[in-house]
Amino acid sequence: MYTQALDVQGLDAAAPVDEGALERRFQARIDREEKIEPKDWMPARYRATLVRQISQHAHSEIVGMLPEGNWITRAPTLLRKSILIAKVQDEGGHGAYLYGAAETLGVSRDQLVDQLLSGKAKYSSIFNYPTPTWADVGAIGWLVDGAAIMNQIPLCRCSYGPYARAMVRVCREESFHQRQGYDIMLRLCQGSAEQKRMAQVALDRWWWPALMMFGPHDADSTHSSDSQRWKIKRISNDDLRQKFVDFTVPQAKFLGLTPPDPKLRWNEELGRHEFGEIDWNEFNQVLKGNGPCNAERLAARRRAHSQGAWVREAAMAYAEKQRLRSAGRAA
Amino acid sequence: MDPAMHDKCQWPLFEVFIRARGGLDHKHVGSLHASDARMAIDHARDLYTRRQEGVSIWVVRSTDITASDPEEAEALFEPARDKIYRHPTFYDIPDEVKTL
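A few points on the structure. (Residues numbered from 1 in each chain as written. Chains lettered and ligands numbered in written order. Predicted model: local features only at pLDDT ≥ 70, side-chain atom pairs only at ≥ 80, totals over all residues. Heavy atoms only, no water.)

### Details of the overall build of chain A
Reasoning step 1: A count of helices and strands for chain A gives 13 helices and 3 strands.
Reasoning step 2: Once the C-alpha set of chain A is aligned to its principal axes, its extents read approximately 75 × 50 × 35 Å.
Reasoning step 3: Burial status across chain A gives 51% buried among its 331 residues.
Reasoning step 4: For chain A, contacts bridging at least 24 residues in sequence account for 78% of all contacts bridging at least 6.
Reasoning step 5: Carbon and sulfur atoms make up 55% of the accessible area of chain A, which amounts to about 15800 Å² in all.
Reasoning step 6: Treating the 45 positive side-chain charges of chain A as one cloud and the 40 negative ones as another, the clouds have centres 5 Å apart. (Helix = DSSP H or I, 4+ residues; strand = E, 2+ residues; numbered from the N terminus. Buried < 20%, exposed > 50% of the residue type's maximum accessible area, 1.4 Å probe, protein only. Contact = heavy atoms within 4.5 Å. Areas by Shrake-Rupley, 256 points an atom, 1.4 Å probe, with all protein chains shown as cover. Lys, Arg positive; Asp, Glu negative; His and termini not counted. Charge placed at Lys NZ, Arg CZ, Asp CG, Glu CD.)

This is how it looks when you write it as structure tokens:
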């Protein structure tokens, strides 16, 4: 069930509880790979960790509509416009699935939206970068959605049922996003020298921010150990990042493009790529709100929310009027 | 605008059930907010059937669902556990007896 609003019978019959015993039983269930559902007992920190992670994820989907939505009117063909509209609509849908999953943990949609609009909640740093050319739309699909898939596939097996089920749905839809992005890059790279250069510049712009999407190094990651014990996070940041690089470098090679990292090379002995160090200062600055587009993104969300307020209110007023009318008829 | 502004009225929550193909049961797929049931159907169409995932939608106000308590699951479902005679495999029928 996806809701906290359910009327559960027999709550008042609860006996005094031994938290330690409950927590041991909870961990034993996780260790047996059982799923935790909204009404099950869970440690407060498990609940808080999930609310933080799922809502950040939801916010990222919603803010993620902006850099690409920016290109819908200027996509080069009618088909590209239709594809981009479908993709942006999917992102909105993913945000809705995830808000729904977060709400099962006892937080309201209004609270979550407030946290985003007030700047209190974080969202993925990647969406604070600009999309100055059409090639950026291709690079986002290929790299940003590619990195997102890498992050999200293990989440389909996360211990919290509603989050895992939402992620299954998201992952099923995400593959189209990545492929349409690569398709844009492919067409540009088969085009004129100028088009190919545009694709290379977009790769230069998105390569490092995409690698940052996997988060800090394992050694510096503050939330990892609890999340791994609770099977919310199953694969470490660095392992996922390595996998992404290993998958993506041959794809770039096929396009005839070069990732902007002079230290990038194949290590035959280890059977994986070596690559340079991420600029963590840039990562932290963008996360703190000082990226190229942070202010613009939040302003766009605030504007959309306040300009839509009358619609939300009018719909509620209409529903209430209909309810009163039918109640009057029944009386 | 005050960014911490609360909506005066949060749309209520609905649970959504989709029949994937004719002949199958409606299955719970998730939830969404809508001002009324009519809008919940429209939103469910956009949210859960963008790729032909369904041929029929049910929505129900989440507050109208009564659920069993997971804390009582053992007491609730345990009585069925020792009634294995409810399953056909409980009965040993001689091999000579056919079509039974």
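Structure shown, so let's carry the discussion forward.
### Side note on the environment of Gly146(A)
All names here are of chain A.
Reasoning step 1: Note on placement: Gly-146 falls in helix H6 (residues 134–152).
Reasoning step 2: For Gly-146, a relative accessible area of 5% gives the class buried.
Reasoning step 3: Along the chain, Gly-146 and Ala-21 lie 125 residues apart, while their C-alpha atoms are 42 Å from each other.
Reasoning step 4: Ignoring anything within four residues of it in the chain, the contact list for Gly-146 reads Gly-141, Gln-178 and Phe-244.

### Observations concerning the pairing of strand S1 (residues 13–19) of chain B
All names here are of chain B.
Reasoning step 1: Counting buried residues in S1 gives 6 out of 7 residues, a clear majority hidden from the surface.
Reasoning step 2: Alignment of S1 against strand S2 (residues 26–33), held across 7 bridges, turns out to be antiparallel. Bridge pairing in S2 links Leu-13 to His-33.
Reasoning step 3: Remark: 6 residues form the turn of the hairpin made by S1 and S2, two consecutive strands paired antiparallel; Gly-23 in that turn has positive phi of roughly 95°.
Reasoning step 4: Bridge count between S1 and strand S3 (residues 56–61): 6 bridges; the pairing is antiparallel. Bridging from a neighbouring strand, Glu-15 pairs with Val-60 of S3. (Pairing = 2+ DSSP bridges.)

### A closer look at the packing of helix H8 (residues 193–212) of chain A against helix H10 (residues 237–255) of chain A
Residue and element names in this part refer to chain A.
Reasoning step 1: The interhelical angle for the contact between H8 and H10, taken along N-to-C directions, is 175°, at an axis separation of 12 Å. Here H8 lies roughly antiparallel to H10, going by the angle between them. Across the interface between the two elements, Lys-196, Trp-207, Ala-210, Leu-211 and Met-212 from H8 touch Arg-241, Phe-244, Val-245, Thr-248, Val-249 and Leu-255 from H10.
Reasoning step 2: Looking at the contact of H8 with H10 residue by residue, the class counts come to 8 nonpolar, 1 polar and 2 charged. (Axes fitted to C-alpha atoms, helices over the stretch in contact; angles between N-to-C directions. Parallel < 35°, antiparallel > 145°, perpendicular 65-115°, else oblique. Nonpolar A, V, L, I, M, F, W, Y, C, P; charged D, E, K, R; others polar.)

### Describing the packing of aromatic side chains
Residue and element names in this part refer to chain A.
Reasoning step 1: Evaluated as defined, the whole model comprises 12 aromatic pairs over all chains.
Reasoning step 2: Measuring from centroid to centroid gives 6.1 Å for Phe-26 and Trp-41, while their planes differ by 80°, and the two rings are edge-to-face. A residue pair is termed long-range when its members are at least 10 positions apart, and Phe-26 in helix H1 (residues 19–31) and Trp-41 in the loop between H1 and helix H2 (44–63) qualify at 15 residues.
Reasoning step 3: Residue Phe-26 is classed as buried on the basis of its relative accessible area, which comes to 2%.
Reasoning step 4: Their ring planes at 75° and their centres at 4.8 Å tell us that Phe-26 and Tyr-46 sit as a pair that is edge-to-face. (Phe/Tyr/Trp six-rings, centres within 6.5 Å; stacked < 30°, edge-to-face > 60°.)

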